[in-house]
Structure formats: C-alpha cells, structure tokens
Amino acid sequence: MKKFILLIVVVGSLISSCIREFETRTDFTIKNVSTHNVKLIVFDAGMPNQNIKDTSFLLPPNSEIIYYYILDGEDAPYNSPFGPADSIYIVFDDNLRIIYRRDDLNPRNILDINSYDSEQVDSWYKYQYFITDEDYENAENIE
Amino acid sequence: MKKFKFLIRVTLLFTIVLTSCEKEDFNLDDTERQESFVETSEGLIVLGKQLEDPYALKNMKQAYSNLKSGSLKTPDVDIQPTHTYMRFLPNNEEEWGMLKSDTILVLYDFPLDYEIKNLGTYYHDSSLPENAITWQYCVVPIGYNIPSIQHELLYEVYIPDDDNANLKSSPVMNQFLIDLEYESVKLTGNLPENENGLKNTKGLLPSKWTPKGTIKVWDNLIGSTTTSRQVFDHWEYYNCGEDDEYPMEQKTIAPIEQCKRAVYRYEYTTTQGSYIPLIQTSVHARWFTHIERDLTDANGYFETCQFRYKVNYAIKWERGHYDIRNGMILQAWYNGTKKRGNWNLNIKGGESIMYATMHRAAYKHFYGNNLGIRRPILIDGSKTKICYRDGEGTGVFWGDWSSSGIFPDIQVWGKENGSYKPTNQIFGTTAHELGHQSHSQYIGNIQFWQTSKTIYESWATAVEWALTNDEYHTMGARFGGAAAIDYNHEAGKQSWPIFVTWEYSPIFIDLIDNVNQRTIWGANRPNDLITGYTLSYINYNILRNSYGLSSLRNEIKNHKISGVTDADVDELFALYW
C-alpha cells in the first residue's frame, strides 16, 4: 500500500510538473518628456486583451501611458509595441506630426522594439520610449 | 398656551408609543457599505474566549426552569433537542469529501461557540499537525445518520424556531417559546448591550429582523468608477465679523479687519473598473448554532430567514460542485463583522478578491453559461478542490486524482512581480484549469494523459479565451466599460507561434473566430480561413478522438461545417508541422 501511494505521488508530481505553466510579463511605457501636447494615433493597435482596432492616446507634457502583455512561457517577452499595429502618427499640438510604419528602419520608430530602452528582471521585461523636444523639431506640418 | 403645551405633550406621547410599537424589520441605510480590504481581516481566523450558547439544551432547560418557577402560567413542555452540535475529524481527503458532499451538513472549520477576535479567511486548529485536515464543526438535526468518521458530540441544541412539535400549537405556546429563548439569552449573558454598553436585562424583547444585503466584487475592466476629492482652490477674503448672526448695526461699528477662508472645489477622477454583483455566492448568517444561508442572486442580493439578535455574516467560498481553498487544505472564507443590519459588502484587494474571482470563473463553468461544453463536474460526485496559492505562478491542473484524496485538483497562483494579478487574469487561469478538468472528465483520465500537450493545452486555451470573453462581454453589456465590451482575452493567441509557447496554440480558437492572423501579422502565422465553429460543437464532435495534431485534423475534416473545405483545414495546419 505504501509503495502504491509512493508511486501515485511520484507519477502525480511528474504529470503535474509537465503542465506547470509559466508567464512572462512585458511592460511598455511611452513617456512624453517634451514640452508639447502629444497625441498618438495607432492604426490596427493590438492592445492587451483587446480586439485589433485604431486607437488614440493623449499625452500632455510629462505624462505617460503604460500597458503590458502577459505571454505563456518562462522567457517569452512580447517584442511588438502596440501589437501588430500597422502605422502610427505622433501628433504635436495638433499641427505637427511624425509617421512611423511597421517596417521603417528609422532608429526612432516607436513600433520597433529596438527603439526602446530595456530592462529585465527575471521574467519581467520593461521597455520605455521617450518622446522628446527633438522629436518635435523633426516633426512635419500636417497638410 | 396651556392647551398648546398639553397638545404637544399628547403628540410626544403618541410618537413615543408609536415608535416603541414599531415591529418592522430593522433596516439600515442602503448606502452603508463595508469595504473589505482590511489587512487584519485576512489570514488566520483568531478565536477569543469560549461563550455560553443560549441554544445549548442545558441552557434552554435552565431557562425553562426559571420561567416555571417565576410563573404558574408557564405551560408544561418537554424540551427535547432539535439538533446536535458536533465536530468531525476527517482522516483524509476522501473522508472530508464524504462530509462535504452531504447536503445536510453545513460545515465550519472553526467552532461556533467562541468569540472571533480576528475575522480572517481560514482556520486551522493549532493542536493538530499543520498538514492535517482540521476539525469540521456542524449542527445536525436529531435523527441524522452520523457517518463513520471520527467525531465528537459537543452538546445538544434546542432551537425554538425548529421545534416543530410545539411551535404554532397555540398562541400561548408561541409566546412561551419566545419567552424561553429570551430567558436563555439573558441567563447566558448574551443580551445585546444598550447605548451605555450595559447588558439591557430589563429591555424589551428585540424584534425579529432579516439578514440581507448585497455582495459585490471589484473588476478591473468592467464599468467605470468616478471618485471625487476636495482640493484647495483659492482664498476668499472677507471682513472679519461679517456673519449673518450679528445685527447689521454691529458690523459697521466694529473696526474692519480682513479675514480669509479657504474655498475648495471637487475634482473628479474616472477610472476603469467597478464593483459588480457577485452571483450565486453562499452567504451565511449565524448566531451561535443557529445558522441560516442564502445564495446571492443576479444582483448580488441575499436574504436569509429571520433572527432576533446580531449575526456573524460570512461567505463560504464553496458550492455543491467545488470548494475554494486557501492553500491545499484550508477552506476559504470571508468573515464579516457581527451585526444587526444589512450586510452590503464590496470586496476589493487582498486574497478575498482572488477567491471571489475564482468563484466567478468556477460558477460559470459549473452552473452558469459555459457555452455548452461539458461541465467539469467530477464523475465520482466529489467537489473539485480549487486551491488558491498566495504567491507567484500561474495555474496547474493535476488531473482527476480526487478519489485517491492525495492531490488538489486545481491550483491558481494570485501574484506576479510582487502584486496581485488583475481580475481578468485570475478569471482566465481558473477557466483554463477547469477547461482541462472538463476535457479529462469527458474523455477519461487515462485517455487525457495520452493526449498530446498541444491538444490539451490548446483546448484549455480556447476554453479560457471563450469563457473569459463571454464573461466580460456579458458583464460589459450590463455595466458598461469599453475595455470589457471589446475584450479579447490574450488577443485570441493570434500572434502564435512567435510570442506564444508552442503548445498553447490558437488551433481551436481559429475554428471559431473570424480573424485571419496572417493578414494582420504576416506570413509566419497560420492562414486561418475557417470560422463559424462553436466551442460546444468542437467539444462534442471533435475533441473526443483528437489525441494529436494528425487526429485533430482528421476529426475536423470529418466534422466540417458549412463553407469549410479540406483545403482550408490543411491550410490552417500547414504551420504546425
């Protein structure tokens, strides 16, 4: 009987460990450190747990938006800011804007994970992007 | 004038008489709400001193003797016990399961005749080994067949309202039973205190009242909540002494001096999330060994039978098919304060919101709208043990080993990165693990473990996605909140396989949804040309004989719905090999 119980314990723990799930959290922070009002218009944004749709965010100076994704797996960061977003407008004071597309090679592309400052603690990844006055200087008039 | 004074006196007298005759239910302002998140009310239930139970037969007999000696009009009554207060000590999960599945028993894992010093959410008798199941206390009706599990009879109980032999036999007898209860309450020192904190031994018999109230729980996404706060706006200057109470002449005589007062304004903040009704939750109202229960309705409202004195309100996180635990072996509770009045509770934060959210998901699976899939009810009739773990992790389904009594069925971890997880995540994880149980109960435990991980994890993923979406869409429609109405749990795993662990694929979701991820994410995602299946159809037509990807593909081809071709199925599976 003892052997039987031991067997069940061993088999049970083996089976259960097979289906233990892990998660990885990826935080994205977009911070407006410029002196201008910013509006982000994201086309086909895939925000966490939401259907894909065009989405806008308002960012007054010194404000930020934070959102995060949880993915299955022990080391599974989500490397796609705004999900499968197709393109994004960064609009300054309603009259200047920068446009980034998914595959732009621009080093400031807000849709590219490589444009972000990154930090990792265990299975928690944090990415930060700062919108600056320099971005404002590089923005173009809205036609 | 004398006539006027007389009239006032008469009116006052009438008012006093009328109000003292008031027999209506005690009712508190419905706006009174108890916020649950008080750290000290969570954790271990701490008992105080032992109390004398007025319903103990010996006390009732003493009360009868007192009444009899005080008045010759007291009827002759043979007071017999209506119940027995006892406790069981289950030796293992199997024995505990036997007790729990007995619908006559209302089990408490803490004694009913003790003061509760810390309300707490679980209890374990410190005289028992830490990993032993604790004593189970209950009040059983006389004549109940006691199961052959180690037990102790603590004392016999007499509850006048349940004395069917004597109750309602005559108005005299009814009055006697009321007097008897009052006398027993008095002699055991349990009379309510008056305004001065003294036992009101000469007071009138308290009227009966009905415990009732509304239980709500916070959800991160459903609805929105506006809060206001008073903030300083500006100083307002005025002439000192400028006050309506002073006559105008004095103002002009006094020297004019400038004073200032602060003017405040209200700032309103609207945040995502709100309190929503907690549906079909088991609420207990108890005074010593007198216990009444009710299940909350769709509005979170409950109402039990009447009491005469203050009650201990509690939520027992348990239903007929499942049992939510703190850790592996401790029943989870929410203990409210002892009171006479409505219990309007808002649960937010701490472990309690975790229990409540797990209950929401479990209720949906076992009793609610589960989208027509096989309910995860255990075949052997035992309760599913859903264990809450107050640490970092996700969820685990151990398989159906209930009859062995060794393992918990499901475990759900509540924290990530040091904080409690949002409610949608806890709901999803619970729905996911119960999705495994539904699957294993449907095809059999042995067959379940022969199924490939991609199949059983993808199925549980689809169950999690569909049930969580349905919950948020339904509650979003009732209470608003764009995030809830447009909720798509984990984005339907449509970014698989790039950001999603291989085995947690969207293969079942793709049969249901109307999104083709290839058009969104590009060529390295499945080309999903299929839509229109339901979770229920997949469950009963496809899942049983799907042990791996090949058999799943065959089963889908064998059970195509209108508009789906074999080529579509092959296209969907193309990236899986």
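All of these numbers come straight from a predicted model, not from anything done at the bench.

1. A look at the interface of chain A and chain B
- The interface of chain A with chain B comprises 32 residues on the first partner and 38 residues on the second.
- Between chain A and chain B, the buried area comes to about 3000 Å², and carbon and sulfur atoms account for 55% of it.
- Across the contact surface, chain A and chain B share three salt bridges.
- Here Arg25(A) and Glu416(B) are joined by a salt bridge, their closest N and O atoms 3.4 Å apart.

2. Here we look at the packing of aromatic side chains
Residue and element names in this part refer to chain B.
- Per the stated rule, a full pass over the model turns up 48 aromatic pairs over all chains.
- Between Tyr-313 and Trp-343, the aromatic rings sit 5.1 Å apart at their centres with planes inclined by 10°, giving stacked as the arrangement. A residue pair is termed long-range when its members are at least 10 positions apart, and Tyr-313 in strand β12 (residues 311-316) and Trp-343 in strand β17 (residues 343-347) qualify at 30 residues. For the pair Tyr-313 and Trp-343, one class covers both residues: buried.
- Between Lys-348 and the ring centre of Trp-218, over which it is positioned, the NZ or CZ distance is 4.0 Å.
- Lying across the ring of Tyr-442, Arg-544 places its NZ or CZ 4.4 Å from the centre.

3. A closer look at unusual backbone geometry
Residue and element names in this part refer to chain B.
- Between Trp-496 and Pro-497 the backbone carries a cis peptide bond, its omega angle lying at 5°.
- Mapped onto the fold, Pro-497 is located in the loop between α10 (482-485) and α11 (507-512).
- With a phi angle near 55°, Phe-288 is a residue other than glycine that sits in the positive phi range.
- Assessed through its relative accessible area of 3%, Phe-288 is described here as buried.
- Positive phi is not limited to glycine here, since Glu-490 has a value of about 50°.

4. Observations regarding helix α9 (residues 453-479) of chain B
Residues and elements named next belong to chain B.
- Across its 27 residues, α9 extends 38 Å between first and last C-alpha, which sits within 8% of the 39 Å expected from 1.5 Å per residue.
- Across the 27 residues that make up α9, a large majority, 21, are buried.
- Downstream of α9 by one or two residues, Gly-480 has phi in the positive range, about 80°.

5. Observations concerning the domain arrangement of chain B
- Assigned domains within chain B: domain 1 (39-205) and domain 2 (453-577).
- Between the C-alpha centres of domain 1 of chain B and domain 2 of chain B the distance comes to 54 Å.

6. Looking at the pattern of salt bridges
All names here are of chain B.
- Scanning the model with the defined rule gives 31 salt bridges over all chains in all.
- For Lys-58, the salt bridge goes to Glu-52, with nearest N and O atoms at 3.2 Å.
- Note that Glu-267 is salt-bridged to Arg-265, the shortest N-O span being 2.6 Å.
- Arg-265 sits in the partly exposed class, given a relative accessible area of 35%.
- Among the charged side chains, a network of salt bridges with common partners joins Glu-93, Lys-100, Lys-316, Glu-318, Asp-323, Arg-325 and Lys-383.

7. Examining the sheet that holds strand β9 (residues 282-287) of chain B
Residue and element names in this part refer to chain B.
- Read across the open sheet, the four strands follow the order β10-β9-β12-β16; overall the sheet is antiparallel. The sheet terminates laterally at β10 (290-295) and β16 (333-339), the two strands that pair on one side only. Each strand axis lies, on average, 20° off the axis of its neighbour in the sheet, ignoring direction.

8. Concerning a nonpolar patch on the surface
Residues and elements named next belong to chain B.
- There is a patch of nonpolar side chains on the surface, built from Phe-232, Trp-235, Tyr-237 and Tyr-264 and spanning about 470 Å² of accessible area.
- Among the elements that take part in the nonpolar patch, strand β7 (residues 212-239) stands out by supplying three residues, more than any other.
- Within the fold, Trp-235 resides in strand β7.
- Accessibility expressed as a relative area gives 40% for Trp-235, which makes it partly exposed.

9. Some words on the side chain of Thr55(A)
Residue and element names in this part refer to chain A.
- Within the secondary structure layout, Thr-55 lies in strand β3 (residues 53-59).
- Look at Thr-55 and you get buried, because its relative accessible area is 16%.
- Residues contacting Thr-55, with those up to four places away along its chain left out, are Leu-40, Ile-41, Val-42, Ala-45 and Met-47.

How each quantity is defined
Residues numbered from 1 in each chain as written. Chains lettered and ligands numbered in written order. Predicted model: local features only at pLDDT ≥ 70, side-chain atom pairs only at ≥ 80, totals over all residues. Heavy atoms only, no water. Contact = heavy atoms within 4.5 Å. Buried area = accessible area lost by both parts, 1.4 Å probe. Salt bridge = Lys/Arg side-chain N within 4 Å of Asp/Glu carboxyl O. Phe/Tyr/Trp six-rings, centres within 6.5 Å; stacked < 30°, edge-to-face > 60°. Helix = DSSP H or I, 4+ residues; strand = E, 2+ residues; numbered from the N terminus. Buried < 20%, exposed > 50% of the residue type's maximum accessible area, 1.4 Å probe, protein only. Lys NZ or Arg CZ within 6 Å of the ring centre and 35° of its normal. Expected span 1.5 Å × (residues − 1). Domains from an automatic or database assignment. Pairing = 2+ DSSP bridges. Axes fitted to C-alpha atoms, helices over the stretch in contact; angles between N-to-C directions. Patch = residues over 30% accessible without salt bridge, like charges linked within 9 Å, V, L, I, M, F, W, Y side chains within 5 Å. Areas by Shrake-Rupley, 256 points an atom, 1.4 Å probe, with all protein chains shown as cover.

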